[in-house]
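Observations on the three-dimensional arrangement
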Amino acid sequence: MIKLYQKIFLDLLFPKNCLICEAPGKHICARCLQSIPLQKENFCPICEEIETFAGRVCNTCENNHSKIYLDGLLVASYYKHPILKELIHRYKYSFIQDLSDDLAQILKRKLLSSPEFPWPNFIFSAVPLHLNRLRWRGFNQSTLMIKKLKNQLANDGIKIKYLPELIIRHRDTPPQMKAKSIELRKQNISGCFSINKELPKKLPKKIILVDDVITTGATLEECAKVLKKTGQVKKVWGLVLGRQN
Ligand SMILES: [Zn+2]
Ligand SMILES: [Zn+2]
């Protein structure tokens, strides 16, 4: 852990500027951060076509597919938005942990704009990271975002609970699968996750899984499956900054 005086010293050596407009003070200034738009409409995470309540899986998809475990997905913003894309990239690949607070603000804005969805009754947890990514980066970026989100909401008088490391990832998926089909991705990811056995026996009924970006959704679906197979978890929702297609 970096000590406060070391941090002050580092800040003096390397003053922070907004990554976008270069205003001094922070990695992203309030104005640039606020200019990232929220995705107001919510779509079914499977077909991505039908607008649904809080991003619930639509009836057509529910009936057309083999069992879907994920109940819904809240997408906070647009991954293709250049500022958001840049922030996520810097956060994940330049190890700028301070950005977790800024990115959490986007998640917070999204949650506050969805008051009809009872998200404060859900328990928050992070989608587990690739093992080699975790070793390389040293932190789970989603866990960090949840911690910041929890603090920010507490400042607004809203309490949320979070369970760290609810799901364990014990196997990495091969990197060459990137371009392959969703079905194949699902097969490849199957069996990668399990419930953390060190947790209390009784699991929460409703869980929101946080991730920075969703691509095919296979990881989120597999996590939802593992949770629901316990028979204790009834609802699994996803919450992400953006969707990358
Ligand atoms: Zn700025
Ligand atoms: Zn659908």
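Residues numbered from 1 in each chain as written. Chains lettered and ligands numbered in written order. Predicted model: local features only at pLDDT ≥ 70, side-chain atom pairs only at ≥ 80, totals over all residues. Heavy atoms only, no water.

Things to note about the coordination of the zinc ion (ligand 1)
Donor atoms from the polypeptide that bind the zinc ion (ligand 1) are Cys18 (SG), Cys21 (SG), Cys29 (SG) and Cys32 (SG), placed at 2.3 Å. Taken in sequence order, the residues that donate to the zinc ion (ligand 1) follow the motif C-x2-C-x7-C-x2-C. (Donors = N, O, S within 2.8 Å, 3.2 Å for Na, K, Ca; no water.)

With respect to the nonpolar core
Counting 41 residues, the largest nonpolar core has Leu103, Ile106, Phe124 and Ile208 as the members making the most contacts within it. Sorting the residues of this core by element identifies helix H2 (30-34), helix H4 (82-93), helix H5 (99-112), strand E2 (123-126), helix H7 (141-155), strand E6 (206-214) and strand E7 (235-243) as the ones contributing at least two each. Considering every element that reaches this core, the biggest residue donor is H5, with 6 residues. When residues of this core are sorted by domain, at least three fall in each of domain 1 (1-35) and domain 2 (37-243). Grouped together as the second largest cluster of nonpolar side chains are 25 residues, Ile195, Ala218, Leu220 and Cys223 included. (Core = buried A, V, L, I, M, F, W, Y, C linked by side-chain atoms within 4.5 Å. Buried < 20%, exposed > 50% of the residue type's maximum accessible area, 1.4 Å probe, protein only. Helix = DSSP H or I, 4+ residues; strand = E, 2+ residues; numbered from the N terminus. Domains from an automatic or database assignment.)

Description of the packing of H5 against H7
Relative to each other, H5 and H7 sit at 60°, their axes nearing to 8 Å. When the axes of H5 and H7 are compared, the pair comes out oblique. Judged by the sense of rotation from one axis to the other, the crossing of H5 with H7 is right-handed. Facing Ser100, Asp101, Leu103, Ala104, Gln105, Leu107, Lys108, Leu111 and Leu112 of H5, the residues of H7 in contact are Leu144, Met145, Lys148, Leu149, Gln152 and Leu153. Taken together, the residues of the contact of H5 with H7 break down into 9 nonpolar, 3 polar and 3 charged. (Axes fitted to C-alpha atoms, helices over the stretch in contact; angles between N-to-C directions. Parallel < 35°, antiparallel > 145°, perpendicular 65-115°, else oblique. Left-handed = near helix turned anticlockwise from the far one by under 90°. Contact = heavy atoms within 4.5 Å. Nonpolar A, V, L, I, M, F, W, Y, C, P; charged D, E, K, R; others polar.)

Let's talk about H4
Here H4 contains 12 residues, and its C-alpha end-to-end distance of 16 Å stays within 8% of the 16 Å for a straight helix at 1.5 Å per residue. Along H4, the positions that sit buried rather than exposed are Ile83, Leu84, Leu87, Ile88, Tyr91 and Lys92. Buried residues of H4, seen end-on, are gathered within an arc of 150° and therefore sit on one face of the element. Taken together, the buried residues of H4 touch H2, H5, helix H6 (131-137), H7, E6 and E7. Immediately beyond the C-terminal end of H4, within one or two residues, lies Phe95, with a positive phi of roughly 60°. (Expected span 1.5 Å × (residues − 1). Arc of directions from axis to C-beta.)

Notes on the domain arrangement of the protein chain
As assigned here, the protein chain comprises domain 1 (1-35) and domain 2 (37-243). Around 1100 Å² of area is buried between domain 1 and domain 2 when both sides are counted, 63% of it from carbon and sulfur atoms. In terms of surface lost to domain 2, no three residues of domain 1 exceed Leu19, His27 and Leu33, which account for 47% of the buried area on that side. Here domain 1 and domain 2 share 2 salt bridges between them. The partner of Asp98 in a salt bridge is Lys16, with the nearest N and O atoms 2.9 Å apart. Between domain 1 and domain 2 we count 2 residue pairs in polar contact (both at pLDDT 80 or more) in total. Ranked by residues supplied to the side of domain 1 that touches domain 2, first place goes to H2 with 3 residues. (Buried area = accessible area lost by both parts, 1.4 Å probe. Salt bridge = Lys/Arg side-chain N within 4 Å of Asp/Glu carboxyl O. Polar contact = N/O pair within 3.5 Å; in protein donor to acceptor, adjacent residues only side chain to side chain.)

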